[in-house]
Amino acid sequence: MKICIIGSGYVGLVTGTCFADMGNDVICVDNDARKVEQLQSGKVPIYEPGLEDLIKKNVSEKRLVFSTEIRAGVKDSKVVFICVQTPPRSDGSADLSYIEKVAREIAANMDGYKVIADKSTVPVETGLWVQNTIQKNIKKDISFDVASNPEFLREGSAIADFLKPDRVVIGAQSDKAREILGELYKPLEVPIIFTDIKSAEIIKHASNSFLAMKISFINAISNICEKSGADIECVAKGMSDDHRIGAHFLSAGIGYGGSCFPKDVAAFNWISGKLGYDFKLLREVERINSDQRKLFCEKISKALWVLKEKNIGVWGLSFKPHTDDLRNAPAIEIVRFLLDEGASVKAYDPVAMEKAKEIFANIKFALTPYDAAEGCDALVILTEWPEFKGLDLERIKLSMNQPLIIDGRNIYDLGIMEKYGFQYISIGRRQIG
Ligand code: UDX
């Protein structure tokens, strides 16, 4: 099937490449000429494991092309996916101006029946607005259908999440649109849930908000564990064996970040209020998440007493492992706190340091985790990169001014920390040393 992807960012690029790899002919359109040139020359502007090779393979097999022209993309395509950004505005609502602009441009270039499927995360009722916008700007004798096809891609595992999803959600208003999108996703051989458009839009916001709530819930429980002397890892384990609760998204830490959870929770809260429902629970999810970073900063202050002129090593800057994305990463707030307190910071991250250099002008960047720990008064762990778990702890301890680790992601076992003689402070567990 001929498919057009409008918006070749994180979601559009992964979606277009995977559809091409499934045998479709895909044209990915983006209005950023530099990005399109990069893609055409085989360079990938985002860090996503496995994406570069998959793009190269499908470009060489002539199933995947890139263009800045919406006309080129829309013409002949049977399905046009809208994958443009919906950034948060100051009041938490989603900025839908990119969606509206693209809907107008699609309408102006329609040369026959197509399904226009929105994959961007949008508040409920957006599908209706897209339909009205196209209706107003399309040549009268051309028919079309609008659909909602939300994505559930996690950064760092986006290709696997696309090719092996738990489910595909398709919100459509006609049998014809359902048939076309159903045919497109059929080769994945996974459950396809057909709904109306509004329900599909809410499924996305509700899913991300539930996951964020799960994280804030276990973080709240971690604070009760600290105050009572219980152990959050034991509590999480005891909860997660209940299949109704499950183990995923039940790891306590310094809270969620990224480009989706914060944005989607705020947008869902906003649209709910606009519809007349005061979603207090979501605001509590946000509050707990924000407090988790503040509580972690308090732990650092308590452990070091005075932060001024202290040397702090930082492991991990990205909002989670396997990505270079720093958007809403806890590290941004925590490093800023350390600098404001007059500490000097030496940070190491396996992939996010290049991007971090654009945000943090006045911190040092270490070439290895050992380098980041050397000569430090405390080592602060902010992202649970797997490589941090297998390091030589004896070497690290001997290289530090004092063996103090403050771990925001509970990467180490308490017994091991005790054995090596560290003072070890973590989340929801007893302090060592
Ligand atoms: C999320 C959703 O999972 C995905 O379905 C949606 O399409 C986009 O948003 P992503 O933001 O890439 O994906 O990352 P995810 O793996 O969901 O983690 C989000 C945040 O939660 C990260 O900051 C992570 O550190 C944090 N997290 C996750 C926890 O603090 N504890 C957990 O147990 C799991």
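Fair warning: this is a prediction, and the values are worked out from it, not measured in the lab.

Chemist: What am I meant to see in the layout of surface pockets here?
Modeler: Rolled over the atoms, a probe as big as a water molecule pinpoints where empty space is left. Of the pockets and cavities examined, the largest pocket occupies roughly 1500 Å³. R154, I215, F249, F261 and K320 are, among the 48 residues lining the largest pocket, the residues nearest its centre. At the level of secondary structure, the elements contributing two or more residues to the lining of the largest pocket comprise α9 (197-228) and α10 (232-240). The greatest single-element share of the lining of the largest pocket, amounting to 7 residues, is contributed by α9. Broken down by class, the residue content of the lining of the largest pocket amounts to 18 nonpolar, 15 polar and 15 charged.

Chemist: What's the story with the sheet that holds strand β9 (residues 311-315) in this structure? I'm lost.
Modeler: Where strands meet in a sheet, backbone hydrogen bonds hold them as pairs that are either parallel or antiparallel. On the basis of which strands lie adjacent, the open sheet formed by 6 strands has the order β11-β10-β9-β12-β13-β14 and parallel pairing. Every interior strand has two partners, whereas the edge strands, β11 (364-365) and β14 (423-425), have only one. Sheet topology places strand β12 (residues 378-381) next to strand β13 (residues 404-407); 3 bridges connect them, and they run parallel. Residue pairing in the sheet places I381 in a bridge with D407 of β13. Here helix α12 (residues 280-304) sits on the sheet in contact with β9, β12, β13 and β14, set at roughly 170° to β13.

Chemist: Hey, could you run me through the side chain of R409 in this one?
Modeler: Turning to its location among the elements, R409 is positioned in the loop between β13 and α17 (414-420). For R409, the side chain forms a polar contact with the main-chain oxygen of G255, separated by 3.1 Å. For R409, the contacting residues outside a window of four places in its chain are G253, I254, G255, F319, P330, I381, L382, T383 and E384.

Chemist: Would you explain empty space enclosed by the protein in this entry?
Modeler: This model, assessed by the stated rule, comprises 2 cavities of 30 Å³ or more. Taken as a whole, the largest cavity spans an internal volume of roughly 120 Å³. Surrounding the largest cavity, 14 residues form its lining, P150, F152, D161, P165 and R167 being those nearest its centre. For the lining of the largest cavity, the secondary structure elements donating two or more residues are α7 (158-163) and β7 (168-172). Considering only residue class, the lining of the largest cavity consists of 9 nonpolar, 1 polar and 4 charged. Within this model, the second largest cavity holds a volume of roughly 30 Å³. Forming the boundary of the second largest cavity are S222, N223, E226, Q292, L295, F296, K299 and I427. Where the lining of the second largest cavity is concerned, the elements lending two or more residues are α9 and α12. Per-element accounting of the lining of the second largest cavity gives the leading share, 4 residues, to α12. Residues belonging to the lining of the second largest cavity are distributed by class as follows: 3 nonpolar, 3 polar and 2 charged.

Chemist: Honestly, the site of the ligand in this entry has me stumped. Any pointers?
Modeler: In the neighbourhood of the ligand, 19 residues make up the surrounding shell, with E155, K204, S251, G257 and K320 lying closest. Contacts to the ligand include K320, whose side-chain N or O atom sits 2.8 Å from an oxygen atom. Taken by itself the ligand offers 660 Å² of open surface, and the protein chains cover 92% of this. According to the grid-proximity analysis, the pocket containing the ligand is the largest pocket. Broken down by element, the shell around the ligand gets its largest block of residues, 3 residues, from α9. Taken together, the residues that form the shell around the ligand break down as 9 nonpolar, 4 polar and 6 charged.

Chemist: Which parts of the structure should I look at to understand the packing of helix α5 (residues 97-108) against helix α6 (residues 126-137)?
Modeler: The geometry of a pair of packed helices is captured by two quantities: the angle between their axes and the separation between those axes. Two elements in contact, α5 and α6, have axes whose closest approach is 8 Å; the angle formed by their N-to-C orientations is 40°. Like other packed secondary-structure pairs, α5 and α6 cross with a definite hand, here right-handed. Between α5 and α6, the residues in contact are I99, E100, A103, R104, A107 and A108 and T126, V130, T133, I134 and N137, respectively.

Chemist: Sorry if this is basic, but what is going on with unusual backbone geometry here?
Modeler: Trans is the common state for peptide bonds, and a negative phi is the common state for residues other than glycine. In this structure, E189 takes a positive phi of about 55° despite not being glycine. Here E189 is to be found in the loop between α8 (175-185) and β8 (192-195). Since its relative accessible area comes to 75%, E189 is described here as exposed. Phi at F249 is positive, roughly 60°, even though this residue is not glycine. With respect to the helices and strands, the residue F249 is situated in the loop between α10 and α11 (261-275).

Chemist: Can you help me understand the side chain of D349 in this one?
Modeler: Among the secondary structure elements, D349 is positioned in the loop between β10 (344-348) and α14 (353-359). The side chain of D349 is buried and forms no salt bridge, while R409, the nearest opposite charge, is found at 10 Å. Looking at D349, its side chain comes within polar contact range of the side chain of W385, at 3.2 Å.

Chemist: Mind showing me how you'd approach the packing of aromatic side chains here?
Modeler: How two aromatic rings sit relative to each other is given by the distance of their centres and the angle of their planes. As enumerated under the stated definition, the model contains 11 aromatic pairs in all. Through pairs of rings, three or more aromatic residues link up here, namely F19, F81, F162 and Y185. Across from the ring centre of F365, 5.5 Å away, lies the NZ or CZ of K357, which sits over that ring.

Chemist: Hey, could you run me through the sheet that holds β7 in this one?
Modeler: The 8 strands are arranged β3-β2-β1-β4-β5-β6-β7-β8 in an open sheet whose pairing can be described as mixed. Taken across any chain shown, the strands that pair with only one partner, and hence form the sheet edges, are β3 (64-67) and β8. Shown here is a sheet whose adjacent strand axes are inclined to one another by a mean of 25°, direction ignored. In terms of strand pairing, strand β4 (residues 79-82) meets strand β5 (residues 114-118) through 4 bridges, oriented parallel. For V79, the partnering residue across the bridge sits in β5 and is V115.

Rules of the game
Residues numbered from 1 in each chain as written. Predicted model: local features only at pLDDT ≥ 70, side-chain atom pairs only at ≥ 80, totals over all residues. Heavy atoms only, no water. 1 Å grid on protein atoms, 1.4 Å probe; cavity = no way out; pocket = protein on both sides within 12 Å on 5 of 7 lines; lining within 4 Å. Points joined across faces, edges and corners; volume = space filled by probe spheres on them. Helix = DSSP H or I, 4+ residues; strand = E, 2+ residues; numbered from the N terminus. Nonpolar A, V, L, I, M, F, W, Y, C, P; charged D, E, K, R; others polar. Pairing = 2+ DSSP bridges. Contact = heavy atoms within 4.5 Å. Axes fitted to C-alpha atoms, helices over the stretch in contact; angles between N-to-C directions. Polar contact = N/O pair within 3.5 Å; in protein donor to acceptor, adjacent residues only side chain to side chain. Near = heavy atom within 4 Å. Areas by Shrake-Rupley, 256 points an atom, 1.4 Å probe, with all protein chains shown as cover. Sits in = over half its atoms within 2 Å of the grid points. Left-handed = near helix turned anticlockwise from the far one by under 90°. Buried < 20%, exposed > 50% of the residue type's maximum accessible area, 1.4 Å probe, protein only. Lys, Arg positive; Asp, Glu negative; His and termini not counted. Salt bridge = Lys/Arg side-chain N within 4 Å of Asp/Glu carboxyl O. Phe/Tyr/Trp six-rings, centres within 6.5 Å; stacked < 30°, edge-to-face > 60°. Lys NZ or Arg CZ within 6 Å of the ring centre and 35° of its normal.

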